[in-house]
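Close look at the chain arrangement
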Amino acid sequence: MKQTFSNREILKEATAILKPHRLKAIGQYLFISFILAILFSVLFGRGALIGSFITIFLVIRWSLSYVKKGSFSFEEAFEGVTFKHFIYFICTLLLIGLSIVGGLILLIVPGIIFAIRLMFAMYISVEKQIKPMAALKESKRITKGYRWKIFWFCCLMGLINILGFLCLFVGILYTIPLSKISTTLLYKKLSEKAVN
């Protein structure tokens, strides 16, 4: 099977995307991931789960926007998104969670396999606004044949974030957004390869 990506290339490309607007991109990511998460938990109280869904949705929109055009604007955060599509996204997240938990109950290895097979379903749901089962099937399709490479990619992202954390915690402010953009790049590369 022809090689689609290398971890080094993806990291290099993700760094090139972040570099010109590093402070703005990191600021936006922190605002979405932390400030909005806290705000939603205060506003919704026990219903903070809805706030978590909104936060995850916005992080994916943020990373897709940076990969596509190198920038993100909060004005476009919900552009073209209907309530129905947002419900599809929530259902997709719940199905991913159930699949992974089900796999972990069987054994740890099936849980990891399910997580890798379904890791792009959220991106597919946000970008293509399709039904949950269709997003899960598409994620399985584009990861087929690349699961070991994706596993090692995830290990590398985890290691990068651990190193960022060890740099007096400040490094993680850069490494987490870098990981999100790297994962989005991987999703786009696998999607394009699956089409060809």
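If you're wondering where the values come from, they're calculated on a predicted model, not measured in any experiment.

**Considerations on the nonpolar core**
In terms of nonpolar packing, the biggest core is built from 51 residues, with Trp62, Phe86, Phe120, Ile150, Ile181, Leu186 and Leu190 touching the most fellow members. Examining the composition of this core, we find that ten residues originate from one element, helix H3 (residues 48-69), more than from any other. With near-sequence residues (within four places) excluded, tryptophan 62 lies in contact with Ala25, Gln28, Tyr29, Ile32, Phe72, Pro177, Lys180 and Ile181.

**Description of helix H8 (residues 147-166)**
The end-to-end C-alpha separation of H8 is 29 Å, in line with the 28 Å expected for 20 residues at 1.5 Å each. Among the residues making up H8, those that are buried are Ile150, Phe153, Met157, Ile160, Asn161 and Gly164. The arc enclosing the buried residues of H8, seen along the axis, measures out at 95 degrees, which places them on a common side. Opposite the packed face of H8, turned more than 90 degrees from it, sit the exposed residues Trp148, Trp152, Ile162 and Leu166.

**A closer look at the side chain of histidine 85**
Within the fold, histidine 85 resides in helix H4 (residues 83-106). Residue class for histidine 85 comes out buried when judged on its relative accessible area of 17%. Here histidine 85 is in contact with Gly80 and Gln129, once residues within four sequence places are set aside.

**Here we look at the packing of helix H6 (residues 121-128) against helix H7 (residues 132-143)**
Following both chains from N to C, one finds H6 and H7 inclined at 120 degrees, their axes separated by 8 Å at the closest point. Considering the angle they form, H6 stands oblique to H7. The interaxial crossing formed by H6 with H7 has right-handed handedness. In this structure, H6 uses Ala121, Ile124, Ser125 and Lys128 to contact H7, whose residues at the interface are Ala135, Leu136, Glu138, Ser139 and Ile142.

**Here's the deal with the pattern of salt bridges**
All told, the structure shown has five salt bridges when counted by the stated rule. Of the charged contacts, one joins glutamate 138 and lysine 128 as a salt bridge, the two residues approaching to 3.8 Å between their closest N and O atoms. Of this pair, glutamate 138 sits in helix H7 while lysine 128 sits in helix H6; the two residues are ten residues apart in sequence, bridging distant segments of the chain. Given the relative accessible area of 39%, lysine 128 is considered partly exposed.

**Things to note about H6**
Spacing of three or four residues puts side chains on the same side of an α-helix, whose turn is 3.6 residues. Of all the residues in H6, the buried ones are Ala121, Tyr123, Ile124, Ser125 and Val126. Following H6 by one or two positions, glutamine 129 has its phi on the positive side, about 50 degrees.

**So, the side chain of serine 6**
You can see serine 6 is positioned in the segment before helix H1 (7-18). Among the polar contacts listed, one links the side chain of serine 6 to the backbone nitrogen of glutamate 9, at a separation of 3.1 Å.

**Here's the deal with a nonpolar patch on the surface**
Together, Leu159, Ile162, Leu163, Phe165, Leu166 and Phe169 give the surface a local cluster of nonpolar side chains, amounting to about 630 Å² of exposed area. Mapped onto the elements of the fold, phenylalanine 165 is located in helix H8.

**Digging into the packing of aromatic side chains**
Following the criterion strictly, the structure yields 14 aromatic pairs and no others. Taken together, a centroid distance of 6.4 Å and an interplanar angle of 25 degrees make the contact between tryptophan 148 and tryptophan 152 stacked. Of the two residues, tryptophan 148 and tryptophan 152 both sit in helix H8, four residues apart, roughly one turn of that helix. Each member of the pair tryptophan 148 and tryptophan 152 is classed as exposed.

**Some details on the environment of lysine 131**
Considering the arrangement of structural elements, one finds lysine 131 in the loop between H6 and H7. On the accessibility criterion, lysine 131 (54% relative accessible area) is exposed. For the pair lysine 131 and cysteine 91, spaced 40 residues apart in sequence, the C-alpha separation works out to 8.6 Å.

Quick notes on the rules
- Residues numbered from 1 in each chain as written.
- Predicted model: local features only at pLDDT ≥ 70, side-chain atom pairs only at ≥ 80, totals over all residues.
- Heavy atoms only, no water.
- Core = buried A, V, L, I, M, F, W, Y, C linked by side-chain atoms within 4.5 Å.
- Buried < 20%, exposed > 50% of the residue type's maximum accessible area, 1.4 Å probe, protein only.
- Helix = DSSP H or I, 4+ residues; strand = E, 2+ residues; numbered from the N terminus.
- Contact = heavy atoms within 4.5 Å.
- Expected span 1.5 Å × (residues − 1).
- Arc of directions from axis to C-beta.
- Axes fitted to C-alpha atoms, helices over the stretch in contact; angles between N-to-C directions.
- Parallel < 35°, antiparallel > 145°, perpendicular 65-115°, else oblique.
- Left-handed = near helix turned anticlockwise from the far one by under 90°.
- Salt bridge = Lys/Arg side-chain N within 4 Å of Asp/Glu carboxyl O.
- Polar contact = N/O pair within 3.5 Å; in protein donor to acceptor, adjacent residues only side chain to side chain.
- Patch = residues over 30% accessible without salt bridge, like charges linked within 9 Å, V, L, I, M, F, W, Y side chains within 5 Å.
- Areas by Shrake-Rupley, 256 points an atom, 1.4 Å probe, with all protein chains shown as cover.
- Phe/Tyr/Trp six-rings, centres within 6.5 Å; stacked < 30°, edge-to-face > 60°.

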